[in-house]
Amino acid sequence: MNKLRNIGVVAAIAALPGLGYAAGRPLNDSPWTEAGLAAIDRAARLGAHHRERAKNVILFVGDGMGVSTVTAARILEGQQRGRPGEENALSFERFPYLSLVKTYSVNQQTSDSAPTMTAMVTGVKTKDGILALDEDVVRGDHTTVRGNELTTILELAEARGLATGIVSTARITHATPAACYAHSPERDWESDAELSEAARAAGFPDIARQLVEFSHGDGIEVVLGGGREYFLPVELADPENAGATGRRTDGRDLTKHWLKQKRAAYVWNKQAFDAVDPHKTDHLLGLFERSHMQYEADRARDTAGEPSIAEMTAKAIDVLKRRDEGFFLMVEGGRIDHAHHAGNARRALEDTIALAEAVKVALEKTDERDTQILVTADHSHVLTIAGYPARGNDILGKVITLDDRGEIAEGYALDGARKPYTTLSYANGPGYREGERPDLTDVDTGALSFLQEAAVPLAAETHAGEDVALYARGPSAQLVHGSQEQTIGFYVMAHALGLDGRPSTDDDSLFGRWF
Amino acid sequence: MRRLRSLPFVALSIAALGTTALAEPPPSVWARYVLLQKGAAAEHLVLVRAGDRIEHRYLERGETDLWRRDARGELEHLKLYPRAGRAVHFTPGDLRTISLTPSWDRLSALVSDRERAGLVAEGSKRALGGRTATVLSGRLRGQPARLTWLPELALPAGLSIGRGEARVVLRLVQVDACSGERCAEAPRGALRVLEFADLGDMEHDPFARSFLHPPHGAPTIGATSATAR
C-alpha cells in the first residue's frame, strides 16, 4: 500500500512543470515522508467536513518563540491594554487547531534554526547548521551536497505557479528564511565572503546568490528583511550607514541582478517602501538594514526608517494576492531569538507582540475559507515564568503573591536572603550576577534593557529543547493536532496547496472553486 | 585568590560609567599608555582619538576596541581580533540591549568630566615633555584614586586606582597629534566580521565559543555590562 501511495505521489510530482526533477523521483524519498504521510492519514480522519484545499498559505515563524515566550507576551500585551493580562490572547492564540511539535534534529537534542526550519519547510529532519539538505550532508562540505537536496514548500509552490514571498526581521539570508529557498551545507555561508576556500574555489553559490538566482517558477516575488551588506560588494558604500560597505568579495551587486526582472523594485528605507505600489510591482526586494533589522522596541530610532513586520506582511500580501493561482508567504519574527540570547526578556516579548500584530494583519487581509495560516516557532528558549505572582502582577516586575486570605500581599515575595525576585528569569545567560544576588527592591525590572537574572553564567543564553506550539487556521488546519514531529507543518501546508499529490475531499459544488 | 584585572576590563569599566559630555571636542591624539599591576606583565594601550572614532589598541594581545559615534550620538562598536581573523560588530541596538553604553567622553579620555569634578585638586606639576598637568585625588568607582590630568590634551598623564597589591597604574608614555597611518582606522579587510547578535547561534564556531566563554577571571560581555550598571 505504501508503494502504491508513493507511485501516486511520484506521478503528481512528475507532472509539475519546471521542477527540474527527473521523472520517477519521489517526493523527498525519506523515512520522514512515510511518517509524515501516515500522520496526515490519521489527521484526515478528524474533522471530515472541513475544507482541505487552500488558495494561499502563510507560515509565521517566531524564532525562539517557545511556549513561555508566548505566555509572557500574551500577558504583557494584555497588561499594556490595561488589563490583568493572563486572560488575553495573542492574535494567533485564537486559532482553532493546535499541536505541540518536537524540535530535535537528527543530531541535536536542542536544535538551532537551520535544521528546525528545514524540517518545517521540507518535511525532513536534518543535522545542525544544514539548510534544506538531508542528513547525509557533512556540515561545511560542499562536495556532499549533490543528490541530497530537499525540495521546499516554497519551491513546490513556485513550480505550481503560485506567487511566493519571504519576510523577516533578521537578515533575509539568515537560517530561517534561507531554508525556504537555499540549499547549503553551512548556514553561515550567507555571502561569498563566508564560503570556505574550497567552496569558493568550486563556485558553490552562497545563500544571497541562491536567493537572487532562484530558478523555480518565475522566481520569488517578494523578499523583505535585513542583510543588505550580503548583497553588495565590499567596494560599494552602504546607503544608510556612513563608513560601512557591502561584504561581497566577488564584486557583484545582487540588487542589480534582482532589478533585471520585469516590474521589479528594490528599496532600503521606509519612505521608499511606503511608495511601492503593490499593484504595479511584480518583484519586490527590500533590504532595510545592513545586517538584522531593529528590535521593534528600537525601530523608531533607525537612521533611515524601517517598516514594521506588520507593514512588511501587509505589503507582501498586497503584491502576492494579485496572483490568481494563489500564494505562499513565510514571515519570520527573527529577533525574538536574539533578544533571548542577550537575556533581555522585554525586547523578546515586544517582538513577539509585533509578530502577533503581523498575524492580525494577515487575518484582516485574507479569507479563512481560502487561506491557511500557521504560526509556530523553530525552537524555544530558557525563559521561565516562576514564583506565585498574583493575578495581574506585572509580568516584567517582581513577584507579589497572595496573602493567607487570598488578597494581594503587602510587599514583594522575598528569597532566603530577604530580597525580591522577578517573575521572569533565565536558566542561563548574561543575566547571571556574580556573588550575592542583587537587591532588586529599587530596580526598575521593567526597563527596556533590564537583563533578567540567570542561574548559570553564559555570555549568551541558549536555546531550549522542549516542544513548541503550532497554531493553525483555515483549510486543512484540522490536520494540526496532538504531539507531532516538527515536520508536520510541511505536510499540512503541502496538503492544503494540493502539492502532495493526494486527492481532496472538498465538494466544490458546495464551496465553489474557493468559496 | 586575588583576581587580576585585565587592561580591557579596566579601560571598559572606567569608560562604562555614565557622565556628561565635554563641552568642546578634545583634540585628535595618538597616545600610548602602559598598564602596570603587581604580579602581572606590563601591558600597553594605544588610544586613538580621531573625531567621531575612538580606538583602544591593546598591543600585547593585538586586539582593538573601536567605537564610532554617528551624527545622532548613537554608538557603534567593533572588537577586532586580527590573530583570530575575526571581528565582532555591535550595533547601537545590541549595545542598548546588553546595557553596554559607555559615555563618549569617557571612551575618549578614560576619565570623564564628572569623575574629575569629583576629585580634589592637589596642585600641578610637569608631565611628559614639560606639559602642565593637574594632580587630583579622591575616589573613582569606590576605590582610592590619583589622577594626573593634562588639560591641554584632555588626557590622563597618569592614573592610579586602588591600593596595595590590587593597585592598577596607567601611565602615558607617548603622545602625538593624530596624523597619517598611525591614526588611520585599524584595518579589518582581512577579518571576518561577526554580528554580536549572531553569536548565540554559533556554539559550533571555535572563535564564537571562546568569545562567549572566556577563561575564568576574564570579563564576559554580560558581566562587564552588569558590573558597569
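In the block above lies the structure referred to throughout.
This is a predicted model, so every value here is computed, not measured. (Residues numbered from 1 in each chain as written. Chains lettered and ligands numbered in written order. Predicted model: local features only at pLDDT ≥ 70, side-chain atom pairs only at ≥ 80, totals over all residues. Heavy atoms only, no water.)

Draft legend 1. Here's a closer look at the overall build of chain A. Secondary structure assignment for chain A yields 15 helices and 15 strands. The C-alpha radius of gyration computed for chain A amounts to 23 Å, which stays within 12% of the reference 24 Å derived for 515 residues, consistent with globular compactness. In terms of principal-axis extent, the alpha carbons of chain A reach across some 70 × 60 × 45 Å. In chain A, which comprises 515 residues, the share counted as buried stands at 62%. A separation of at least 24 residues holds for 71% of the contacts in chain A among residues at least 6 apart in sequence. Working note: accessible area of chain A is about 18800 Å², and carbon and sulfur atoms make up 52% of it. Taking the 55 positively charged and 76 negatively charged side chains of chain A as two groups, their mean positions are separated by 4 Å. (Helix = DSSP H or I, 4+ residues; strand = E, 2+ residues; numbered from the N terminus. Rg over C-alpha atoms; globule rule 2.2 N^0.38 Å. Buried < 20%, exposed > 50% of the residue type's maximum accessible area, 1.4 Å probe, protein only. Contact = heavy atoms within 4.5 Å. Areas by Shrake-Rupley, 256 points an atom, 1.4 Å probe, with all protein chains shown as cover. Lys, Arg positive; Asp, Glu negative; His and termini not counted. Charge placed at Lys NZ, Arg CZ, Asp CG, Glu CD.)

Draft legend 2. Fine view of the packing of helix 4 (residues 113–122) of chain A against helix 14 (residues 488–496) of chain A. Residues and elements named next belong to chain A. At a minimum axis separation of 5 Å, helix 4 and helix 14 run at an interaxial angle of 25 degrees. Judged by the inter-axis angle, helix 4 sits roughly parallel to helix 14. The handedness of the crossing between helix 4 and helix 14 is right-handed. Within the contact between the two elements, helix 4 uses Ala-119, Met-120, Val-121 and Thr-122 and helix 14 uses Gly-489, Phe-490 and Met-493. (Axes fitted to C-alpha atoms, helices over the stretch in contact; angles between N-to-C directions. Parallel < 35°, antiparallel > 145°, perpendicular 65-115°, else oblique. Left-handed = near helix turned anticlockwise from the far one by under 90°.)

Draft legend 3. Just the pattern of salt bridges, in detail. This structure, assessed with the given rule, holds 62 salt bridges over all chains. As a salt-bridge pair, A:Glu186 and A:Arg139 come within 2.8 Å of each other at their nearest N and O atoms. Taken together, the positions of A:Glu186 in the loop between helix 6 (175–181) and helix 7 (197–201) and A:Arg139 in the loop between helix 4 and helix 5 (153–160) put the pair 47 residues apart, joining distant regions of the chain. A:Arg139 gets classed as partly exposed once you look at its relative accessible area, which sits at 22%. Between A:Glu190 and A:Arg171 there is a salt bridge, and its shortest N-O distance comes to 2.8 Å. Placement of the pair is A:Glu190 in the loop between helix 6 and helix 7 and A:Arg171 in strand 3 (residues 163–171), with a sequence separation of 19 residues. In this structure A:Glu190 comes out as buried when scored by relative accessible area, which is 3%. Within the structure, one salt-bridge network assembled from shared partners comprises B:Arg53, B:Glu55, B:Arg57, B:Arg68, B:Glu76, B:Glu185 and B:Arg188. (Salt bridge = Lys/Arg side-chain N within 4 Å of Asp/Glu carboxyl O.)

Draft legend 4. A look at empty space enclosed by the protein. Inspection of the entire model under this criterion finds five cavities of 30 Å³ or more. Estimates place the volume of the largest cavity at around 140 Å³. Along the wall of the largest cavity there are 16 residues; nearest its centre are A:Arg171, A:Asp188, A:Glu190, B:Asp198 and B:Met202. Its residues assigned to classes, the lining of the largest cavity shows five nonpolar, one polar and ten charged. (1 Å grid on protein atoms, 1.4 Å probe; cavity = no way out; pocket = protein on both sides within 12 Å on 5 of 7 lines; lining within 4 Å. Points joined across faces, edges and corners; volume = space filled by probe spheres on them. Nonpolar A, V, L, I, M, F, W, Y, C, P; charged D, E, K, R; others polar.)

Draft legend 5. Here's a closer look at the state of the cysteines. Residue and element names in this part refer to chain B. Inspection of the entire model under this criterion finds one disulfide over all chains. Paired by a disulfide, Cys-178 and Cys-183 hold their sulfur atoms 1.8 Å apart. The S-S bond linking Cys-178 to Cys-183 shows a torsion near -115 degrees; that makes this disulfide left-handed. (Disulfide = S-S within 2.5 Å.)

Draft legend 6. The environment of A:Ala193, seen in detail. Residues and elements named next belong to chain A. Summarising the element assignment, Ala-193 is placed in the loop between helix 6 and helix 7. By relative accessible area, which is 27% here, Ala-193 ends up partly exposed. With 143 residues separating them in the primary sequence, Ala-193 and His-50 have C-alpha atoms 49 Å apart. Ala-193 has contacts with Arg-200, Arg-247 and Thr-249, leaving out every residue within four places of it along the chain.

Draft legend 7. Layout of the interface of chain A and chain B. Taken together, the contact between chain A and chain B spans 34 residues of the former and 25 residues of the latter. Summing both partners gives a buried area of about 2500 Å² for chain A against chain B, and 43% of it is carried by carbon and sulfur. At the junction of chain A with chain B, the criterion picks out six salt bridges. Applying the counting rule to chain A against chain B returns 16 residue pairs in polar contact (both at pLDDT 80 or more). (Buried area = accessible area lost by both parts, 1.4 Å probe. Polar contact = N/O pair within 3.5 Å; in protein donor to acceptor, adjacent residues only side chain to side chain.)

Draft legend 8. Structural detail: helix 11 (residues 309–320) of chain A. All names here are of chain A. With twelve residues, helix 11 ought to run about 16 Å at 1.5 Å a step, and its terminal C-alpha atoms sit 16 Å apart, in line with that. Across the twelve residues of helix 11, eleven count as buried, placing the element largely inside the fold. Turning to helix 11, its buried residues number three or more, namely Ile-309, Ala-310, Met-312, Thr-313, Ala-314, Lys-315, Ala-316, Ile-317, Asp-318, Val-319 and Leu-320. (Expected span 1.5 Å × (residues − 1).)

Draft legend 9. The arrangement of helix 14 of chain A in detail. Residues and elements named next belong to chain A. Most of helix 14 sits out of view: nine of its nine residues are buried. For helix 14, the full list of buried residues reads Ile-488, Gly-489, Phe-490, Tyr-491, Val-492, Met-493, Ala-494, His-495 and Ala-496. Where helix 14 ends, the next residue or the one after it, Gly-498, has phi of about 70 degrees, a positive value.

Draft legend 10. Summary view of the sheet that holds strand 2 (residues 43–50) of chain B. Residue and element names in this part refer to chain B. Across the sheet, twelve strands lie side by side as 7-8-9-10-11-1-2-3-4-5-6-12; this open sheet has mixed pairing. Across the chains shown, the open sheet's two edge strands, defined by having one partner strand only, are strand 7 (120–127) and strand 12 (192–195). For this sheet, the mean inter-axis angle between neighbouring strands, taken without regard to orientation, is 20 degrees. (Pairing = 2+ DSSP bridges.)

Draft legend 11. Examining the packing of helix 3 (residues 67–80) of chain A against helix 13 (residues 345–365) of chain A more closely. Residue and element names in this part refer to chain A. Direction vectors running N to C along helix 3 and helix 13 enclose 80 degrees, while the axes themselves pass 9 Å from each other. Classified by the angle their axes make, helix 3 and helix 13 are roughly perpendicular. Residue-level inspection shows Thr-69, Ala-72, Ala-73, Leu-76, Glu-77 and Gln-80 of helix 3 in contact with helix 13, the latter providing Leu-349, Glu-350, Thr-352, Ile-353 and Glu-357. In terms of residue class, the contact of helix 3 with helix 13 is built from five nonpolar, three polar and three charged.

Draft legend 12. Region of the structure containing the sheet that holds strand 1 (residues 56–62) of chain A. Residue and element names in this part refer to chain A. Taken in spatial order, the ten strands of this open sheet run 5-6-4-3-7-1-8-14-2-15, and their pairing is mixed. Two strands close off the open sheet at either side, each with one partner strand: strand 5 (264–267) and strand 15 (483–485). Strand-to-strand twist of the sheet, defined as the mean angle between neighbouring strand axes without regard to direction, takes the value 15 degrees. The pairing of strand 1 with strand 8 (residues 371–377) spans seven bridges and is classified as parallel. The residue of strand 8 that forms the bridge with Val-61 is Thr-376. Against the sheet, helix 5 engages strand 3 and strand 7 (327–333), with an angle of about 150 degrees to strand 3.

Draft legend 13. Layout of the pairing of strand 3 of chain A. Residues and elements named next belong to chain A. Of all the nine residues making up strand 3, nine are buried; the element is thus mostly covered by neighbouring parts of the structure. Strand direction decides the pairing type here: strand 3 and strand 7, joined by six bridges, are parallel. Of the residues in strand 7, the one forming a bridge with Ser-168 is Glu-332. In this sheet, strand 4 (residues 222–226) lies alongside strand 3 in parallel orientation, the contact comprising four bridges. Considered in strand 4, the bridge of Ile-166 is made with Val-223.

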